[in-house]
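Here is how the chains run, residue by residue.
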Amino acid sequence: MRNLDTRRRVLLGGAVLMVLTALAAFFAFLTRDHRTSGSPPDPVTSAEPSIAPAPDRPEVPEAELPEPPETDDPIEFAKAAAEALWAYDTRAVTHEQHMSALQAWMTGEKKYTDATSVEAQVPSPVLWAQMADNGQFATAKAEEAHFPMAFVEALREDPAAITEAYLYTVTVTGKQSIAWNGSSAGGAEARSITLAVQCRPEKPCALAAVMPVVAP
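What counts as what
- Residues numbered from 1 in each chain as written.
- Predicted model: local features only at pLDDT ≥ 70, side-chain atom pairs only at ≥ 80, totals over all residues.
- Heavy atoms only, no water.
- Buried < 20%, exposed > 50% of the residue type's maximum accessible area, 1.4 Å probe, protein only.
- Helix = DSSP H or I, 4+ residues; strand = E, 2+ residues; numbered from the N terminus.
- Arc of directions from axis to C-beta.
- Disulfide = S-S within 2.5 Å.
- Contact = heavy atoms within 4.5 Å.
- Core = buried A, V, L, I, M, F, W, Y, C linked by side-chain atoms within 4.5 Å.
- Salt bridge = Lys/Arg side-chain N within 4 Å of Asp/Glu carboxyl O.

Colleague: Help me out: how do you make sense of helix 7 (residues 149-157) in this one?
Modeller: Residues spaced three or four apart along an α-helix point in a common direction, a consequence of the helix completing one turn every 3.6 residues. Of the positions making up helix 7, those classed as buried are Ala150, Phe151 and Ala154. Projected onto a plane normal to the axis of helix 7, the buried residues spread over an arc of 100° and lie on a single side. Turned more than 90 degrees away from the buried face of helix 7 sit Met149 and Arg156, all of them exposed.

In structure tokens form, the structure reads like this:
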């Protein structure tokens, strides 16, 4: 299984390579951009929020599982995907149901998908159960999305490179609000994420991966 995961990550890296440039891997490109920019990229906010104690459990609401939009716009899709990754409701949905819903966002082309990077954005099953005891849930709002500078520059240098996998990198910024039984959200926390989105012609966009660093 570990060898299979390694092979999948290598293939994904090759796909992003085709998007950015024919000579340099995407992650190396981001790393180079990071070294020369003079300021580090924003860290990926931890997917495992703190657990707030709340003994009271009100009536469980109906489950609302996130569904991917039918769009061919990578910016619009990335904003919706970021909200789906940042939002959860342990009161109404099990960890398994939540992960199943996120699977529907993923591209069916296994060569270009990295499910592990998406799973890493979701609290673990054990933490999910602990959060459910407190009725913890989160809402999210994506406020802005754009193509990272490195992606734009590489695409300008080689416009045809994207036609191999049709993978776009999109950085999304927004806010996440967390609440639990007996409380209301006490403010919003800023979030940012860079996603690899596949948008083939005449097909709805799909999520390929969550990039390991936030690209400016």
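Colleague: Is there a simple way to think about the state of the cysteines in this case?
Modeller: What makes a disulfide is a covalent bond joining the sulfur atoms belonging to two cysteines. Taken as a whole and judged by the stated rule, the model has 1 disulfide. What pairs with Cys199 in a disulfide is Cys205, and their sulfur atoms sit 1.9 Å apart. Taking the sign of the S-S torsion, 115° for the link of Cys199 and Cys205, the bridge is right-handed. The same class applies to Cys199 as to Cys205, namely buried.

Colleague: Where do I start with the environment of Gln97 in this structure?
Modeller: Topologically, Gln97 is positioned in helix 4 (residues 95-103). Residue classification places Gln97 among the partly exposed positions, given a relative accessible area of 37%. C-alpha separation for the pair Gln97 and Leu65, spaced 32 residues apart in sequence, amounts to 8.0 Å. Setting aside anything within four residues of it in sequence, one finds Gln97 in contact with Leu65 and Ala92.

Colleague: It is not clear to me how the nonpolar core should be interpreted in this structure. Could you clarify?
Modeller: Nonpolar side chains in soluble globular proteins generally cluster together in the buried interior. By size, the foremost hydrophobic cluster in this structure holds 34 residues, and its most contacted members are Leu102, Val172, Ile193 and Leu195. Counting only elements with at least two residues in this core, the list comes to helix 3 (74-86), helix 4, helix 6 (125-133), strand 2 (137-146), strand 3 (167-179), strand 4 (188-198) and strand 5 (206-210). Considering every element that reaches this core, the biggest residue donor is helix 3, with 7 residues. Dropping the residues within four chain positions of it, Ile193 is found in contact with Ala82, Leu85, Trp86, Gln121, Val170, Thr171, Val172, Val210 and Val214. Within the second largest apolar cluster, 7 residues are counted, among which are Ala165, Leu167, Ala196 and Ala209.

Colleague: Would you mind going over the pattern of salt bridges with me for this structure?
Modeller: Pairing between side chains of opposite charge can happen when the charged atoms of each approach one another. Inspection of every chain in the model, using the stated rule, returns 2 salt bridges. With a closest N to O distance of 2.8 Å, Asp89 and Arg91 form a salt bridge. Residue Arg91 is classed as partly exposed on the basis of its relative accessible area, which comes to 23%. Close ionic contact of Glu109 with Arg200 constitutes a salt bridge, the shortest N to O distance being 2.7 Å. Of this pair, Glu109 sits in the loop between helix 4 and helix 5 (115-119) while Arg200 is found in the loop between strand 4 and strand 5, placing the two residues 91 residues apart along the sequence. Using a relative accessible area of 25% as the deciding quantity, one classes Glu109 as partly exposed.

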